[in-house]
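# Structural characterization, general
Each chain, written out:
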Amino acid sequence: MRAVRFDEYGGVEVLKVVDVPRPVPAAGQVLVQVKAAGINPGEAKIRSGALDAMWPATFPSGEGSDLAGIVAETGPGVAGVAVGDEVIGWTDNRASHAEYVVVEEQHLTSKPAGVPWEVAGGLFVAGATAYAAVRAVSLTKGDTVVVAGATGGVGSLAVQLAGRAGATVIGLASEAGFQWLAGHGVVPLAYGDGVADRIRQAAGQVDAFIDTFGAEYVELALELGVEPSRIDTIANFEAVARYGVKADASAAGSSASVLAELAGLIAAGELEVPIAATFPLDRVQDAYRRLAEGHLVGKIVLLP
């Protein structure tokens, strides 16, 4: 089978697609033929070596967590899925950017028939992260929440989930995403110089803040008077230690039940995973180049 590998840290040029043996599921595991697999900024940071101290790579390394596909084989003791089932899930072994991947049974949920492959394949990391971040800031009806990076993979889901919680949502983004945000009930504002004043003019009081980008957005939230307990960042770990804000991200939302809930909302037309672009597996370098360019609305997905 074909799979993405890299043998050293570096830019997109270290990524290659090679032939490797097809894995065999052990007890409690499922072999999935991958139909779609999302890509995420964290994977690019791991590949570059930026997260070596936290999540070092063992070379040759695969990559990828998100996946959706068809069950090809089941290991001993698997009872919840069968060959031919369509599933959504994730792997913690950096392995979903491939034609086949072995997945723990408890990391899978059924793919609703109405959910497209590319949407299902790009759901887990962004969905679990957005779910956890919104839950972390304890939104209730009438709250105002600001989401930085509001049209990215995580942000585009966080703004929708925040709106479902009854909050007024302000989304910081480039103008390229304003139409999408407004169409989903979000107040779009440009980031950059003067953003604090723009937020105050649009909202007055801000009750919660979700930072999906990093930079100095935690400091902005504090400047706006948001309590640290209602600030969540998925990108600025230094600010967590310095200010006592939260850092709930994908690990806090990683469960098949959360994945099933999100997939159900998508199938019911109550949640959208916008797809910015899709690429075949052989163009994995181009996929990450597009991710690095930014100004995306939604997810980039590989289609093996």
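Refer to the structure above for everything that follows.
Residues numbered from 1 in each chain as written. Predicted model: local features only at pLDDT ≥ 70, side-chain atom pairs only at ≥ 80, totals over all residues. Heavy atoms only, no water.

### What to know about a nonpolar patch on the surface
- A grouping of M54, W55 and F237 is seen on the molecular surface, where their side chains present a nonpolar patch of about 310 Å² in accessible area.
- Following the sequence through the fold, W55 ends up in the loop between α1 (41-48) and β4 (66-74). (Patch = residues over 30% accessible without salt bridge, like charges linked within 9 Å, V, L, I, M, F, W, Y side chains within 5 Å. Areas by Shrake-Rupley, 256 points an atom, 1.4 Å probe, with all protein chains shown as cover. Salt bridge = Lys/Arg side-chain N within 4 Å of Asp/Glu carboxyl O. Helix = DSSP H or I, 4+ residues; strand = E, 2+ residues; numbered from the N terminus.)

### Some thoughts on the environment of G166
- By the secondary structure assignment, G166 is in the loop between α4 (153-164) and β9 (168-173).
- The exposure class of G166 is partly exposed, given its relative accessible area of 30%.
- Measuring from C-alpha to C-alpha, the distance between G166 and D19 comes to 49 Å, with 147 residues separating the pair along the chain.
- In contact with G166, other than residues within four places in its own chain, are T140, K141 and G142. (Buried < 20%, exposed > 50% of the residue type's maximum accessible area, 1.4 Å probe, protein only. Contact = heavy atoms within 4.5 Å.)

### Let's talk about the pattern of salt bridges
- On inspection of all chains with the given rule, the structure shows 14 salt bridges.
- When the shortest N-O distance is used, the salt bridge between E99 and R2 registers 3.1 Å. Taken together, the residues span a long stretch of sequence, with E99 in the loop between β5 (86-90) and β6 (100-104) and R2 in strand β1 (residues 2-5) at a distance of 97 residues.
- Classification of R2 by relative accessible area gives partly exposed; the value is 24%.
- We note a salt bridge from R22 to E73, for which the minimum N-O separation is 3.8 Å. On the criterion of sequence distance, the pair formed by R22 in the loop between β2 (16-19) and β3 (29-38) and E73 in strand β4 is long-range, its members being 51 residues apart.

### With respect to the nonpolar core
- The biggest cluster of nonpolar side chains holds 42 residues, and the ones touching the most others in it are L123, L139, V145 and V159.
- Leaving out residues up to four positions away in the same chain, L139 has contacts with V134, V145, A162, A165, A167, A208 and R230.
- One finds L189, I199, Y217 and A239 within the second-largest nonpolar core, a separate group that totals 19 residues. (Core = buried A, V, L, I, M, F, W, Y, C linked by side-chain atoms within 4.5 Å.)

### Some details on the side chain of T151
- As for its position among the elements, T151 is in the loop between β8 (144-148) and α4.
- For T151, the residues in contact, after removing those within four places along its chain, are S156, A173, G177, L181, L296, V297 and G298.

### Details of the packing of aromatic side chains
- Counted according to the given criterion, the structure contains five aromatic pairs.
- When the centroid spacing of 5.1 Å and the interplanar angle of 75° are considered together, the rings of Y9 and F59 count as edge-to-face. One end of the pair, Y9, is in the loop between β1 and β2; the other, F59, is in the loop between α1 and β4, with 50 residues separating them in the sequence.
- Members of the aromatic cluster, connected to one another through ring pairs, are F6, Y9 and F59.
- Looking at R47, its charged tip hangs above the ring of Y288, at a distance of 5.6 Å from the centre. (Phe/Tyr/Trp six-rings, centres within 6.5 Å; stacked < 30°, edge-to-face > 60°. Lys NZ or Arg CZ within 6 Å of the ring centre and 35° of its normal.)

### Focus on unusual backbone geometry
- Cis geometry marks the peptide bond from F59 to P60; its omega dihedral reads -5°.
- Relative to the elements of secondary structure, P60 occurs in the loop between α1 and β4.
- For S138, which is not glycine, the phi torsion reads 55° and is therefore positive.
- Take S138: it is sitting in the loop between α3 (124-136) and β8.
- Take S138: its relative accessible area is 44%, and that puts it in the partly exposed class.
- Within the chain, H295 stands out as a residue other than glycine whose phi angle is a positive 55°.
- Among the secondary structure elements, H295 is positioned in the loop between α10 (284-293) and β14 (299-303).
- You can call H295 exposed: its relative accessible area is 52%.

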